[in-house]
Amino acid sequence: MEIGILRRDGRTDPFFDGAAEDRLVIRRCEPCDHWYAPDQSGCPSCGGDELVWAQASGEATLVTWTVLHGRPAADGTVPPPAVLGLVELAEGPWLNARLDGVDAAALREGLALRASFVHPAEGEPYLLFRPV
Ligand SMILES: [Zn+2]
């Protein structure tokens, strides 16, 4: 399964600037110390709307996952399945991202993962998670 070419949209520039340097940058509400996914705009915890961008540890655990089986090519070869995970960052937010280097049959809830970035020749880097 191919991930399409990612383009930044202006709102998420700090996320992609971090990704370019292999840093996971997400949103954080400083007054109440809650962390959020990059697309969060306000803080549901305290009602604040001044979320800052902050670097997360990149450590996460697996919550759940989906295995996507590719369509066989004309010559009958079947691409390896892609695994999409829902992961819980150590800071609390949940993110959807592709899992890499995992055996789909051996996945389990709570598996320790670490954020990693792929830097395609074209488009923005994208986030995936690998087992620790
Ligand atoms: Zn808050």
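The structure under discussion appears in the preceding block.
On a predicted model such as this, the values are computed, not experimentally measured, just so you know. (Residues numbered from 1 in each chain as written. Predicted model: local features only at pLDDT ≥ 70, side-chain atom pairs only at ≥ 80, totals over all residues. Heavy atoms only, no water.)

What follows is about the overall build of the chain. Within the chain one finds one helix and eight strands. From first element to last, N terminus to C terminus, the chain shows the α and β order α-β-β-β-β-β-β-β-β. Expressed along its principal axes, the backbone C-alpha trace of the chain runs to roughly 55 × 35 × 20 Å. Counting every position in the chain, which comprises 132 residues, the buried fraction comes to 34%. For the chain, contacts bridging at least 24 residues in sequence account for 52% of all contacts bridging at least 6. On the chain, roughly 7700 Å² of surface is accessible, and the fraction owed to carbon and sulfur atoms is 49%. (Helix = DSSP H or I, 4+ residues; strand = E, 2+ residues; numbered from the N terminus. Buried < 20%, exposed > 50% of the residue type's maximum accessible area, 1.4 Å probe, protein only. Contact = heavy atoms within 4.5 Å. Areas by Shrake-Rupley, 256 points an atom, 1.4 Å probe, with all protein chains shown as cover.)

So, on to the side chain of E124. Residue position: E124 is located in the loop between β7 (112–118) and β8 (126–131). Reaching out from E124, the side chain makes a polar contact with the side chain of R8 at a distance of 2.9 Å. In contact with E124, not counting residues within four places along its chain, are L6, R7, R8 and F16. (Polar contact = N/O pair within 3.5 Å; in protein donor to acceptor, adjacent residues only side chain to side chain.)

What follows is about the sheet that holds strand β3 (residues 52–55). On the basis of which strands lie adjacent, the open sheet formed by three strands has the order β2-β1-β3 and antiparallel pairing. Whereas interior strands pair on both sides, the edge strands pair on one side only; in this sheet they are β2 (34–36) and β3. Across the sheet, the axes of successive neighbouring strands diverge by a mean angle of 45°, strand direction being ignored. Pairing of strand β1 (residues 25–29) with β3, which is carried by four bridges, proceeds in the antiparallel orientation. Of the residues in β3, the one forming a bridge with V25 is Q55. (Pairing = 2+ DSSP bridges. Axes fitted to C-alpha atoms, helices over the stretch in contact; angles between N-to-C directions.)

Here the focus is the pairing of β1. The element β1 is extensively covered by neighbouring structure, given that five of its five residues are classed as buried. Note: β1 against β2, three bridges, orientation antiparallel. Counterpart to R28 in the pairing with β2 is W35.

Below, the discussion takes up the sheet that holds strand β5 (residues 82–89). Read around the closed barrel, five strands run β4-β5-β6-β8-β7, paired in mixed fashion. Averaged over all pairs of adjacent strands, the angle between strand axes in this sheet comes to 50°, irrespective of strand direction. Of the pairings in the sheet, the one linking strand β4 (residues 59–68) to β5 comprises eight bridges and is antiparallel in character. Following the sheet pairing, W65 is matched in β5 by G85.

A few words on the pattern of salt bridges. Within this structure, the stated rule accounts for eight salt bridges. One salt bridge connects R114 with E59, and the closest N-O pair in it is separated by 3.6 Å. Note that R114 is positioned in strand β7 and E59 in strand β4, a separation of 55 residues in sequence. On the basis of relative accessible area, E59 is assigned to the partly exposed category, the value being 40%. Among the salt bridges present, the one from R130 reaches D100, with a minimum N-O distance of 2.8 Å. (Salt bridge = Lys/Arg side-chain N within 4 Å of Asp/Glu carboxyl O.)

The next thing to look at is the coordination of the zinc ion. For the zinc ion, the protein coordination sphere consists of C29 (SG), C32 (SG), C43 (SG) and C46 (SG), at 2.2 to 2.3 Å. One way to put it: the four donor atoms around the zinc ion meet at angles of 104 to 120°, and that makes the site tetrahedral. Taken in chain order, the donor set of the zinc ion reads C-x2-C-x10-C-x2-C. The exposure class assigned to C46 is partly exposed, which follows from its relative accessible area of 41%. (Donors = N, O, S within 2.8 Å, 3.2 Å for Na, K, Ca; no water. Tetrahedral: all angles 85-135°; square planar, octahedral: opposite > 155°, others 65-115°.)

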